[in-house]
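Coordinate inspection notes
Here are the chains, one letter per residue:
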Amino acid sequence: MVKTALEEFAFLIPLLPALAFAITFFFGRKMPSGGAIVPILAIAASFVISFMITLGLLANPEEVVNQSYSWFAVLNIGILIDPLAAVMLSMVSFVSLLIHIYAVSYMSHDPGRARYFAETALFTAAMLSLILSDNILQLFVSWELVGLCSYLLIGFWFEKPSAAAAAKKAFLTTRIGDVMFLTGIIVLTSDLLKVAGGFQEGVYLLRFDEIFSYIPQLSALQLNVFGFEISHLTIITLLFFGGAVGKSGQFPLHVWLPDAMEGPTTVSALIHAATMVTAGVYLVARTFPMFIAAPDSLMVVAYFGGFTALFAGTMGIVMNDLKRVLAFSTISQLGYMMLGLGLGTAIGLEAVGISLFHLINHAFFKALLFLCAGSVIHAVGTQDMRELGGVGKVMPITAATMTIAALALAGFGIPGTSIGTSGFMSKDPIIEAAYLFGEHSSNWIPYIFSIAAALLTSIYIFRLIFMTFTGKPRSNYHGHESPAIMTIPLSILALFALVFGAFTRTGFMNFLEETFANSFVNLDIGNLAGIGRNELVEAGGHEPLIVLWLPLIVALAGLAIAFVIYYLRAVKLGALASMKNPVYRLLYNRYYQHQIYTEFFSIGVVYGVIAFLTQVVDVIVDSIVEGIGIITVGVGEELRKIQTGVVQTYATAVIAGVSLLIILIKLIMEVL
Amino acid sequence: MTAIPLTFYLGLAALLFSIGLYGIMTHKSGIRMIMCIELMLNSANLNLVAFSSYTDTLHGQVFAIFSIALAAAEAAVGFAIFMAIYRMHDKINLDELNILRW
């Protein structure tokens, strides 16, 4: 009975933060510390409800929370809390709560903090609504709302031109993905109407259970492109993935995420590390049955994910800005999550488990990394690692928690046992799955990508640790340890980064496997994989020892490299890290992607095309418009001669008209 | 008592109306045109009174009285305008008053 009573409050999860947004937005300026207490309490309540529902689901994963309200005759708004949504809800509300508490101190000197807290509350509301929506349209609406909040918060210090530019860049880049996502929804809707035979009142076709029940029919629809038969399902899922690429910062749309670090560090931690950027991963996980039933879609996801993991890692190595390194790290880790999902082509539903597990663990340790960076920036006042150094002496708690987060990110743990950091517990299964995939299909590219990215991860994160916390100060700064309200969230997150993975590993995976078999949807994933021509292999466990140990070996190697270069300073960096080194220059300029996108594509291609089209439009449209004008004037010239000015002419015309009318009426009466 | 049939009144009114119409369409003098308009109005009045007597009600007669009052007002305004025009042009030839055309 307790559980059913709780379900009644499920709608409060997004509603309370939304109310908090309204209160803080209008009255926050008059409250102490920007009205932060309102969102904190609201999000705390959301967290409690989410957590209780998650506990209820853990006891009985079959009975998911599902409430549906009619919006239009054929569209609904609804709540769906299944294992997948439950873990996301708990994580998002929990991380958001900690970051809000931390921000009370972090933002204490900012005059715009009421606006800050209002916007983060709105963001949390939108994100929670995104997670618990039971249909694709509501998900899309929330998806756009979190995008808006991201834009507002990146441009929080909008008086800085770089922040305004970064906000605009983030908005426009993610918009490309969003348009693809929307196109996918439109194609999906029209196909559903085709296979379901039109709208029916009270049947909500865009609900996930309806969509999933039509997967075989959708898959049967074929489109002929250049002689290739492509399933409509593949097109729809690839368009969805396009949306995920934009939101989750995958190659080639990742360019906005490093620039998004212009916002407050707490925003980076909340939106651009832990929650919003994982919405893309969540979307793919949520529609996973569609992806696995679509031939080739999951392979695309795997390749993009693996490549992004490696690609972002290479750039992370050369960045000098504390937060930029973390931004590239986030992109790289999101690549891992996508890779994990993509490997569903070999391991089936388990892919959702390992990917989401990495997502949750990553949220903890990456939020922690950002908050630690924020702590350093708050105390020291610079985020350029070349000016830091030796911060560990003045900020011991921050240094310790950040080192824990770094260990978790690099994935330190002992293979074969349950001793290890969260990152180890979740990243290694992805790498092992990549190995399984390679063994099964003799396609080793994802495995090579993931191992190489693991090495890079270890190098860049320990480079950051050594450059920031060890050695002698390289500039004149006056640091001090942050107050307790900041270090307590750090400590809590550090605890989670250390032990969450080890404690929940098997339970989490089993829980997530229940996502697509419960009272809401009941799918046979193996069957769907058959539709998508994906051959599933039996779960691993028989990999050679080297495969189990290799991730740890490369992580240690990365640590050693960073130690030698940045702690011992045994290698002369001057020659290596200079603009004369073409590799360094390429990496430092982020593969010139900004130049390619902005100067070549935007200015060259888009502006060029627009300029050309403008001329075409000028010629065609102008001639039409001017032609209409000339015709009108000419006709007017002729017609005005009717206006003789002679009264008799007018009178005659009136009389003729009236007579004609009478005759007409008479005729019509006769006929009728 | 043998009453005059309604058709006779209507025929007379139609005749009057046509005369007035012909006058308007052919004459150029303002005075004549106003007289023709009066003729047309009165043909309508005749119709009203004829119908009134035919249906044995008073509506038509009341209407006719209003119509006569209207005609008087119209004539007053019309002649006032023609007076003004006469002072400017020394004649009332409506054909020549065409400055408002294109």
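A quick note: this is a predicted structure, and the numbers were derived from the prediction, not measured.

Along chain B, the regular secondary structure elements total three helices and zero strands. Secondary structure elements of chain B, listed N to C terminal, follow the sequence α-α-α. For 102 residues, the compact-globule formula gives about 13 Å, and the C-alpha radius of gyration of chain B, at 17 Å, lies well above that figure. Expressed as lengths along the three principal axes of its C-alpha atoms, the size of chain B is roughly 55 × 25 × 25 Å. Within the span of chain B, comprising 102 residues, buried residues form 14% of the whole. Long-range pairs, those at least 24 residues apart, make up 46% of the contacts in chain B with a sequence separation of at least 6.

Counting secondary structure elements, chain A contains 29 helices and four strands. The dimensions of chain A, computed from C-alpha atoms along their principal axes, are 110 × 60 × 55 Å.

Residues and elements named next belong to chain A. Two elements, strand 1 (residues 65–70) and strand 2 (residues 76–81), share six bridges in a ladder whose sense is antiparallel. The residue bridging Gln67 from the neighbouring strand is Ile79, located in strand 2. Hairpin connection of strand 1 to strand 2: five residues between the antiparallel strands.

Here helix 3 (residues 59–89) of chain B is 31 residues long and its end C-alpha atoms lie 44 Å apart, about the 45 Å a rise of 1.5 Å per residue gives. After helix 3 of chain B finishes, the residue B:Asp90 shows a positive phi value of roughly 65°.

As a further point, take the environment of A:Ser46. All names here are of chain A. With respect to the secondary-structure elements, Ser46 resides in helix 3 (residues 37–59). In this structure the C-alpha to C-alpha distance between Ser46 and Phe123, which are 77 residues apart in sequence, comes to 14 Å. Excluding anything up to four places from it in sequence, Ser46 contacts Ile13, Leu16, Pro17, Ser93 and Leu128.

On the side of chain A, eleven residues touch chain B, which itself brings nine residues to the contact. Residues belonging to the side of chain B that touches chain A are distributed by class as follows: six nonpolar, one polar and two charged.

Right, let's get into the nonpolar core. A:Ile81, A:Ala367, A:Leu368 and A:Ala405 are the most contacted members of the largest nonpolar core, which has 225 residues in total. It is helix 18 (residues 350–380) of chain A that provides the largest number of residues to this core, a total of 19 residues.

Right, let's get into the packing of helix 18 of chain A against helix 21 (residues 422–441) of chain A. Residue and element names in this part refer to chain A. At a closest axis distance of 9 Å, the pairing of helix 18 and helix 21 adopts a crossing angle of 150°. Relative to helix 21, helix 18 is oriented so that their crossing is left-handed. Every residue of helix 21 that contacts helix 18 at Ile354, Phe357, His358, Asn361, Phe364 and Phe365 is listed here: Ser422, Gly423, Met425, Ser426, Lys427, Pro429, Ile430 and Ala433. Its residues assigned to classes, the contact of helix 18 with helix 21 comprises eight nonpolar, five polar and one charged.

Turning our attention to the domain arrangement of chain A. Looking at chain A, the domain boundaries give domain 1 (2–588) and domain 2 (595–671). The distance between the C-alpha centroids of domain 1 of chain A and domain 2 of chain A comes to 57 Å.

Residue and element names in this part refer to chain A. Relative to strand 4 (residues 228–231), strand 3 (residues 222–225) runs antiparallel, the two sharing four bridges. Paired with Val225 across the two strands is Phe228, which belongs to strand 4. Counting the residues that bridge the hairpin from strand 3 to strand 4 gives two residues, and of these Phe226 lies at a positive phi of roughly 50°.

All right, on to the packing of helix 2 (residues 30–55) of chain B against helix 3 of chain B then. All names here are of chain B. Following both chains from N to C, one finds helix 2 and helix 3 inclined at 175°, their axes separated by 8 Å at the closest point. Of the possible angle classes, the one that applies to helix 2 and helix 3 is roughly antiparallel. On helix 3, the residues touching Gly30, Ile31, Ile34, Glu38, Leu41, Ala44, Asn45, Leu48, Val49, Phe51 and Ser52 of helix 2 are His59, Gly60, Gln61, Phe63, Ala64, Ser67, Ile68, Ala71, Ala75, Gly78 and Phe82. Taken together, the residues of the contact of helix 2 with helix 3 sort by class into 13 nonpolar, eight polar and one charged.

Let us now look at the confidence of the model for chain B. Confidence along chain B averages 88 in pLDDT terms, with 95% of residues attaining 70 or more. The ipTM assigned to the predicted complex is 0.76, against a pTM of 0.76.

Three or four residues apart is the spacing at which side chains of an α-helix point the same way, because the helix has 3.6 residues per turn. Across its 36 residues, helix 7 (residues 161–196) of chain A extends 51 Å between first and last C-alpha, which sits within 8% of the 52 Å expected from 1.5 Å per residue. Note on helix 7 of chain A: the residue one or two positions beyond its end, A:Gly197, has a positive phi of about 75°.

All right, on to unusual backbone geometry then. In most cases, non-glycine residues show a negative phi, while peptide bonds are predominantly trans. Between A:Phe251 and A:Pro252 the backbone carries a cis peptide bond, its omega angle lying at 5°. Along the chain, A:Pro252 falls in the loop between helix 10 (232–247) and helix 11 (256–259). One non-glycine residue, B:Asp56, adopts positive backbone phi at about 65°. Structurally, B:Asp56 is set in the loop between helix 2 and helix 3. Positioned with a positive phi, B:Asp90 is a non-glycine residue whose angle comes to about 65°. Summarising the element assignment, B:Asp90 is placed in the segment after helix 3.

Per-residue confidence for chain A averages 84 on the pLDDT scale, and 97% of its residues sit at or above 70. Ranking the elements of chain A by mean pLDDT puts helix 1 (residues 2–7) of chain A last with 61 and helix 6 (residues 136–154) of chain A first with 91.

Another point: the environment of A:Phe449. Tracing the sequence through the fold places A:Phe449 in helix 22 (residues 445–469). The residues touching A:Phe449, leaving out its near neighbours within four places in the chain, are A:Gly306, A:Phe307, A:Ala309 and A:Leu310.

What counts and how
Residues numbered from 1 in each chain as written. Chains lettered and ligands numbered in written order. Predicted model: local features only at pLDDT ≥ 70, side-chain atom pairs only at ≥ 80, totals over all residues. Helix = DSSP H or I, 4+ residues; strand = E, 2+ residues; numbered from the N terminus. Rg over C-alpha atoms; globule rule 2.2 N^0.38 Å. Buried ≥ 20, exposed ≤ 12 C-beta atoms within 10 Å, placed from the backbone. Contact = placed C-beta atoms within 7 Å. Pairing = 2+ DSSP bridges. Expected span 1.5 Å × (residues − 1). Nonpolar A, V, L, I, M, F, W, Y, C, P; charged D, E, K, R; others polar. Core = buried A, V, L, I, M, F, W, Y, C linked by C-beta atoms within 7 Å. Axes fitted to C-alpha atoms, helices over the stretch in contact; angles between N-to-C directions. Left-handed = near helix turned anticlockwise from the far one by under 90°. Domains from an automatic or database assignment. Parallel < 35°, antiparallel > 145°, perpendicular 65-115°, else oblique. pLDDT = per-residue confidence, 0-100.

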